[in-house]
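Spelled out from the first residue to the last, the chains are:
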Amino acid sequence: MAGGPSTVDLAVAVAEAGGFAFLAGAYLTPERLRADIGHLRSRTSKAFGVNVFAPSPDEPAMLAAAESYAALLAPWAAAAGVRLGAPRYDDDAFAAKVDLLVELAPAVVSFAFGWPPAQAVDRLQGAGAQVWVTVNEPSEAEWAQELGVDGLVAQGWEAGGHRGGPVDTGTEQLSVRELLRALRGRTSLPVIAAGGLMTGAEAAEVIGLGACAAAFGTAFLSCPEAGTAEVHRHALTHRQGTVVTRAFTGRSARALRTAWTDGYGERAPAAYPHVHHVTAPLRAHGKALGEADLVHLWAGTGHGQARALPAGDLCRTLLDGLADAARRAAT
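**Q** What am I meant to see in helix 12 (residues 311-330) here?
**A** Because each turn of an α-helix spans 3.6 residues, side chains separated by three or four positions end up pointing in the same direction. With 20 residues, helix 12 extends 29 Å between its outermost C-alpha atoms, agreeing within 8% with the 28 Å of an ideal straight helix rising 1.5 Å per residue. For helix 12, every residue scored as buried is listed here: Ala311, Gly312, Leu314, Cys315, Leu318 and Ala325.

**Q** Would you take a moment to explain the pairing of strand 10 (residues 253-256) for this structure?
**A** Regular strands have side chains that alternate between both faces of the sheet. In terms of strand pairing, strand 6 (residues 161-162) meets strand 10 through two bridges, oriented antiparallel. Each bridged residue has a counterpart across the sheet, and for histidine 162 the counterpart in strand 10 is alanine 253. Relative to strand 10, strand 9 (residues 242-245) runs antiparallel, the two sharing four bridges. If you follow threonine 242 over to strand 10, its bridge partner there is leucine 256.

**Q** How should I be thinking about unusual backbone geometry in this particular structure?
**A** Put simply, tyrosine 272 and proline 273 share a cis peptide bond, and its omega is 5 degrees. Note on placement: proline 273 falls in the loop between helix 10 (259-264) and helix 11 (274-289). For alanine 93, which is not glycine, the phi torsion reads 55 degrees and is therefore positive. Within the secondary structure, alanine 93 sits in the loop between helix 3 (60-79) and helix 4 (94-104).

**Q** Could you clarify how one ought to interpret the sheet that holds strand 2 (residues 48-53) in this entry?
**A** Strands pair in a sheet through their backbones, by hydrogen bonds, and they do so in one of two ways: parallel or antiparallel. Pairing in this open sheet of seven strands is parallel, and the strands run 1-2-3-4-5-7-8 from one edge to the other. Two strands lie at the open edges of the sheet, namely strand 1 (21-24) and strand 8 (213-215), each paired on one side alone. Recorded for the sheet is a direction-independent mean angle of 25 degrees between the axes of neighbouring strands.

**Q** Honestly, the pattern of salt bridges in this entry has me stumped. Any pointers?
**A** If you walk through the whole model with that rule in mind, you get 15 salt bridges. Taking the shortest distance from any N to any O, the salt bridge between arginine 177 and glutamate 205 comes out at 3.0 Å. Of this pair, arginine 177 sits in helix 7 (residues 176-184) while glutamate 205 is found in helix 8 (residues 200-208), placing the two residues 28 residues apart along the sequence. We note a salt bridge from aspartate 313 to arginine 316, for which the minimum N-O separation is 2.9 Å. Here aspartate 313 and its partner arginine 316 are both found in helix 12, three residues apart, which amounts to about one turn of the helix. By sharing partners, the salt bridges in this structure join Glu158, Arg177 and Glu205 into a single network.

**Q** Please clarify how the packing of helix 4 against helix 5 (residues 118-126) should be interpreted in this entry.
**A** Angle between the axes and distance between the axes are the two parameters that describe a pair of packed helices. For the pair helix 4 and helix 5, interaxial distance at closest approach is 8 Å and the crossing angle is 20 degrees. Relative to helix 5, the element helix 4 is oriented roughly parallel. As for how helix 4 packs across helix 5, the hand of that crossing is left-handed. Residues Val98, Asp99, Leu101 and Val102 of helix 4 lie in contact with helix 5, whose contacting residues are Ala120, Arg123 and Leu124. Per-class residue counts for the contact of helix 4 with helix 5 are five nonpolar, no polar and two charged.

**Q** Help me understand the pairing of strand 5 (residues 151-155) in this model?
**A** Of all the five residues making up strand 5, five are buried; the element is thus mostly covered by neighbouring parts of the structure. Residues of strand 5 alternate between two faces, with Gly151, Val153 and Gln155 on one and Leu152 and Ala154 on the opposite face, all of them buried. Looking at chain direction, strand 4 (residues 130-135) and strand 5 are connected through four bridges and run parallel. For threonine 134, the partnering residue across the bridge sits in strand 5 and is valine 153. Taken together, strand 4, helix 6 (residues 140-147) and strand 5 form a β-α-β motif whose crossover is right-handed.

**Q** Whenever I open this one, the environment of glycine 302 confuses me. Can you help?
**A** One can find glycine 302 in the loop between helix 11 and helix 12. For the pair formed by glycine 302 and threonine 237, sequence separation is 65 residues and the distance between their alpha carbons is 10 Å. When sequence neighbours within four positions are dropped, the list of residues in contact with glycine 302 reads Gly196 and Met198.

Definitions and cut-offs
Residues numbered from 1 in each chain as written. Predicted model: local features only at pLDDT ≥ 70, side-chain atom pairs only at ≥ 80, totals over all residues. Heavy atoms only, no water. Helix = DSSP H or I, 4+ residues; strand = E, 2+ residues; numbered from the N terminus. Expected span 1.5 Å × (residues − 1). Buried < 20%, exposed > 50% of the residue type's maximum accessible area, 1.4 Å probe, protein only. Pairing = 2+ DSSP bridges. Axes fitted to C-alpha atoms, helices over the stretch in contact; angles between N-to-C directions. Salt bridge = Lys/Arg side-chain N within 4 Å of Asp/Glu carboxyl O. Parallel < 35°, antiparallel > 145°, perpendicular 65-115°, else oblique. Left-handed = near helix turned anticlockwise from the far one by under 90°. Contact = heavy atoms within 4.5 Å. Nonpolar A, V, L, I, M, F, W, Y, C, P; charged D, E, K, R; others polar. Right-handed = clockwise from strand over helix to strand, strands pointing away.

Purely spatial values, then, with no claim about function.
Take a look at the structure:
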């Protein structure tokens, strides 16, 4: 939910309605993240989590690959009147954000794109925060246990947005239900199920398979409190078909199919965040003008069920659906 959709308003509404809310800390400056956490705490006494990106590896070949991809995109960008950005590496101010989260100690700090160093895990836990990491493969459970984390976010292949595990394979991975089954046989750590979930009944199903909780992302993109771009909101229920692609950022992510994904997705390199910086001006242009084919339209496979409800109402609807499914299962 980083890059716009995650807002303080959205987190407050979910927390007050009985869900466990997250703020997306990625792409924010540490100063902005501090302000958002302070704002959230001024509006709710409920516990919440913060998600951040752990640094991706920086390989020498990535810069050259991103430059080649930029050359490929340049004529298309020029036709739109946009100059592409320069490929470069950065770690999203990771150390400063860890320092901040140790200081402010939200209930949970979760990591995607990679895993934090053991020292960061120890510091966060010492400050009173639980640490969760994202996994896409069953074999990653043993790594997580060795790291000493408190929970696993099991991100199935259906999930919208970036693949969050520590290794971006680029190949099809297990569905959330298959991943859950595999993880339950390999670890005793709590597992949070994520990927394509849109209803309370689906949450009940994954909890029945051993998850301790169900995570929703795409389901909240249409809520008025979300910072989702209007072109993105419209596309969620007016376009069909998603694809996992590196076209926008150089890291595998599930998005709605567009001319961009169809035309350039197969040729995009594994080079995050280098490609992210190359394409950022073109994607911003697409958002500003409402040109869907120039926007990274992140969406899980269940995007067609998105409902433009206030976030609190949607959260309560999901919880009611979960409770109803649990009652039916019990009888």
